[in-house]
Amino acid sequence: MNSLYISLFATAVLLVATAERTKKDHYRFRSDQPTEGEDEEEPHPHRHDPFSTIIPVARCRHNFNDRTETAINRQINFYMHSAYVYNSMAHYFGRCDIALPGFQKFFEQMTTEQRQHTEALMKYQNLRGGQVNLQQVTAPTTNDWGTGLDAMIQALELEKTINQELLELHIVAMQHDDIHAASFIHSTFLAPQVEKLFTISQYITNLERVGPGLGEYMFDKLPQN
């Protein structure tokens, strides 16, 4: 009798196990049975997981180092800050108690130039498969820019800082053998930047020569302004 109970119990256990396996593998053929360690289904490389925090890599991205991407975003932020500064200068010289429209026009052009540089870098970031990460833009340290000479000296220092930032960005690209990024930075930004440093330096020399007051007023009327 005991042997009969044991035999029936063993048969029941076997049937339950077979049913569970059949239920689990209802849509599997024998050749599809996983080998050891393959019970978990591998995630599909293109399947979207709404709960995943991993940002997918852009298909067009190639030889574009994370450090280069970060440096470009930093340069974008600095161009935005520069545009902020030049915009402040332009409106300062447009005040009725300053009334130097030539300086106002010059700094408005500088504002537009910085914004164009910002857009160019953003487009390049997308072109290389990077991601534009906008950051908080630092406000100018002052709203009182003094004389035209004072403002030009401030502009020259700002342009030198921009030039240094561009040189460091170029170095980062070269360190990671990114010839395309290095060439783009050199031709689009660095070469014109050197000319800008020279032009503003000439303006400072002329302003020092003519002096404040009437001399500054006459400089304001020159065609380049």
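Structural data are supplied above this passage.
Residues numbered from 1 in each chain as written. Predicted model: local features only at pLDDT ≥ 70, side-chain atom pairs only at ≥ 80, totals over all residues. Heavy atoms only, no water.

(A) Spotlight on the overall build of the protein. The helix and strand inventory of the protein stands at six helices and zero strands. In the protein, the order of α-helices and β-strands from amino to carboxyl end is α-α-α-α-α-α. Across the 225 residues of the protein, 34% fall into the buried class. Considering only residue pairs separated by 6 or more positions, the protein has 80% of its internal contacts joining residues 24 or more positions apart. A total accessible area of about 15,300 Å² is found for the protein, and carbon and sulfur atoms account for 56% of it. (Helix = DSSP H or I, 4+ residues; strand = E, 2+ residues; numbered from the N terminus. Buried < 20%, exposed > 50% of the residue type's maximum accessible area, 1.4 Å probe, protein only. Contact = heavy atoms within 4.5 Å. Areas by Shrake-Rupley, 256 points an atom, 1.4 Å probe, with all protein chains shown as cover.)

(B) Structural detail: a nonpolar patch on the surface. Residues Leu-214, Tyr-217 and Met-218 make up a contiguous nonpolar surface patch of about 340 Å² in total accessible area. With respect to the helices and strands, the residue Met-218 is situated in helix H6 (residues 214-220). For Met-218, a relative accessible area of 48% translates into the label partly exposed. (Patch = residues over 30% accessible without salt bridge, like charges linked within 9 Å, V, L, I, M, F, W, Y side chains within 5 Å. Salt bridge = Lys/Arg side-chain N within 4 Å of Asp/Glu carboxyl O.)

(C) Examining helix H4 (residues 148-175) more closely. Compared with the 40 Å implied by 1.5 Å per residue over 28 residues, the 41 Å span of H4 between its first and last C-alpha is a close match. With its phi angle positive at about 55 degrees, Asp-177 sits one or two positions after the end of H4. (Expected span 1.5 Å × (residues − 1).)

(D) Structural context of the packing of aromatic side chains. Summed over all chains, the structure comprises eleven aromatic pairs. Here Phe-93 and Phe-103 contribute two aromatic rings whose centre-to-centre distance is 5.2 Å and whose plane-to-plane angle is 25 degrees, an arrangement assigned as stacked. One end of the pair, Phe-93, is in helix H2 (residues 66-93); the other, Phe-103, is in helix H3 (residues 101-127), with ten residues separating them in the sequence. The buried category is assigned to Phe-93, whose relative accessible area is 1%. Aromatic pair Phe-103 and Phe-219: ring centres 5.7 Å apart, planes at 40 degrees, arrangement tilted. Note that Phe-103 is positioned in helix H3 and Phe-219 in helix H6, a separation of 116 residues in sequence. The exposure class assigned to Phe-103 is buried, which follows from its relative accessible area of 1%. Using a relative accessible area of 3% as the deciding quantity, one classes Phe-219 as buried. Pairwise contacts between aromatic rings join Tyr-86, Tyr-92, Phe-93, Phe-103, Phe-106, Phe-107, Tyr-203 and Phe-219 into one cluster. (Phe/Tyr/Trp six-rings, centres within 6.5 Å; stacked < 30°, edge-to-face > 60°.)

(E) Broad picture of H2. An ideal rise of 1.5 Å per residue puts 40 Å on 28 residues; H2 measures up with 41 Å between its terminal C-alpha atoms. In terms of burial, H2 is a largely internal element, 20 of the 28 residues being buried. The distance from a side-chain oxygen at the start of H2 to the backbone nitrogen of Arg-67 is 2.8 Å, and the residue carrying that oxygen is Asn-65. (Polar contact = N/O pair within 3.5 Å; in protein donor to acceptor, adjacent residues only side chain to side chain.)

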